[in-house]
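# Per-entry structural report
One-letter residues, chain by chain:
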Amino acid sequence: MTRLLTPLRLWLLLALVLAAVAMARPIDHDESQYVAAAVLAAHGLIPYRDFAYLQTPLQPLLFGPLAGIGGIWTWPLLRLANAVLGAAAIAFVYRAGRIGNAGQRPALIAAGLFACCDILLFSIGTARNDALPAALLAAALPFVVAAERGVVSKLPAMLVGLLLAGAAAAKISYALPAAAYGVYALVNRRHLPFFVLIGALPAASLVAASWWSSPEAFVADVLRFPSLAPAEYYAAGGRLWKLSYAAKAIDTLKFLALGPALLAVLLCIRDRRSARQLEAIDWLALAGLIAALLPFPTWRQYLLPMLPPLFVRLALVLNDRSPTRPTLIAGGVFAFAGLVPTLLSLGAWPMPQAMRDGQAIGDALTRAHVLEPVATLSPQFLPAARRLPDPRFATGPFYFRSTALFSPAEEARLGLVSQARLDQGLAIRPAAILTGGEGAWTSGDDALDARLADWATRAGYARVDVAGTRFRLYIRPR
């Protein structure tokens, strides 16, 4: 009984550690749009129809109830949810390895090495949209492995379809692994492709309904923006080299080497005995790598779809061939390298201060008699202020920093505000504008907040410094 409970105790301990890491990670402006989307969804607004959302729609719809429950604690609650989902993804990798006939020790080693990847630790440490699809993909792997070994039934096949399609409905880069498995199931009928398809229908229907409700906005947010925005952004900053194949190769190797992922790739390529089994795992890992390499540039979180199937394969490799002493040393070195970026980022415990800042913002808005939604590039601070973000700023700084991605008419129809057309985008003037949260301290750009502040000053808004914080409010003249 004790042996059976040991992995469970490890996962509970891991979840607590990851939750602590999530609370200690620095503030990141990437969180802005995901906190805003969850809060707006909690208040009944629909992605694309009512506000822009630059990903497929599942996460704000699932996390909206969390935001409704969390209230002023929404932001830290979303971080904690992602930490728990990360722990779940690691647990599913372990379980899939065990179902694939790996012993407990190699399965634990593989799952532990997965947990040491900076790609994973960064992705699940903030309120981003990486942890949910990764957990859904990982949850499908035990069923995929069982089917590959001939343990097949209709309900597990439907669950695989539901989970993989759900991952794609949460983040579009997971659509390629889901499609790769669908093709594999068609070729290898023991995976029951018809029932996989039935399972995929709810998530696919959700995406289709989102498109149907607002076709232009869906295409603009999910497809056009990510394909157009990087080139404009890096060209404006004089960093077009980031979009080169050389930069992509260097970045990919660097991110894989920050943790044991690169070592896992090398070990799996070298091994030939376990490669004859569980080929679905290999196709999923390869599809995840291709999905990471398609966009320019490649960032570390883009590689996350590759990792769960990769480390399931590693569990089988370690089971077939006990690691040598040099391999163990290399594993330790790479694991430490994966932990270093997280360890270096800890120590400030920013969330308590962020909550105090949000409450101070709320108090200042109350004194100014502002109850309406607030226009800001940092909407993640507004739940603690008990205010809603202006839906035109639901994407935080990410659409605002563009200059000519969409035409003026398109921006007007889609309810978007860019820095190039503030007069048009803010023709209906917000009751208050908040600045101070978009800057170098949140991995952002101070110039964007400055541009919003300049517009507010020219429009006659009254500046109010939020006492004890770096934030400033601009209150619409009455």
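Source: prediction; values computed, not measured.

Before going further, it helps to examine the overall build of the protein. The secondary structure content of the protein amounts to 21 helices and four strands. At 23 Å, the protein has a C-alpha radius of gyration in line with the 23 Å of a compact globule built from 478 residues. Its C-alpha atoms put the protein at 75 × 45 × 45 Å along the principal axes. The burial tally for the protein puts 56% of its 478 residues in the buried class. Of the contacts made within the protein by residues no fewer than 6 positions apart, 75% connect residues no fewer than 24 positions apart. Across the protein, the 43 positively charged side chains and the 28 negatively charged ones have centroids separated by 9 Å.

What follows deals with the pattern of salt bridges. Between side chains of opposite charge, pairing is possible as soon as their charged atoms come close. Applying the stated rule across the entire model yields 15 salt bridges. For Lys-254, the salt bridge goes to Asp-251, with nearest N and O atoms at 3.6 Å. Pair noted here: Lys-254 and Asp-251 are both in helix α12 (residues 245-257), with a separation of three residues, about one helical turn. Relative accessible area serves as the criterion here: at 7%, Asp-251 is assigned to the buried category. In this structure, a network of salt bridges that share partners links the residues Asp-30, Arg-128, Asp-130 and Lys-171.

Let us look at the sheet that holds strand β3 (residues 462-465). Read from one edge to the other, the open sheet built from four strands follows the order β1-β2-β4-β3, with strand pairing classed as mixed. Where the open sheet ends on each side, the last strands, each with one partner, are β1 (374-376) and β3. Here the average twist between neighbouring strands, direction ignored, is 25°. Here strand β2 (residues 432-435) runs beside strand β4 (residues 472-475); their pairing, made up of four bridges, is antiparallel. Among the inter-strand pairings, Leu-434 is bridged to a residue of β4, identified as Leu-473. Packed onto the sheet, helix α17 (residues 350-367) meets β1, β2 and β4 and runs at close to 25° relative to β4. Lying over the sheet, helix α21 (residues 446-458) contacts β2 and β4, oriented at roughly 150° with respect to β2.

Procedures and definitions
- Residues numbered from 1 in each chain as written.
- Predicted model: local features only at pLDDT ≥ 70, side-chain atom pairs only at ≥ 80, totals over all residues.
- Heavy atoms only, no water.
- Helix = DSSP H or I, 4+ residues; strand = E, 2+ residues; numbered from the N terminus.
- Rg over C-alpha atoms; globule rule 2.2 N^0.38 Å.
- Buried < 20%, exposed > 50% of the residue type's maximum accessible area, 1.4 Å probe, protein only.
- Contact = heavy atoms within 4.5 Å.
- Lys, Arg positive; Asp, Glu negative; His and termini not counted.
- Charge placed at Lys NZ, Arg CZ, Asp CG, Glu CD.
- Salt bridge = Lys/Arg side-chain N within 4 Å of Asp/Glu carboxyl O.
- Pairing = 2+ DSSP bridges.
- Axes fitted to C-alpha atoms, helices over the stretch in contact; angles between N-to-C directions.

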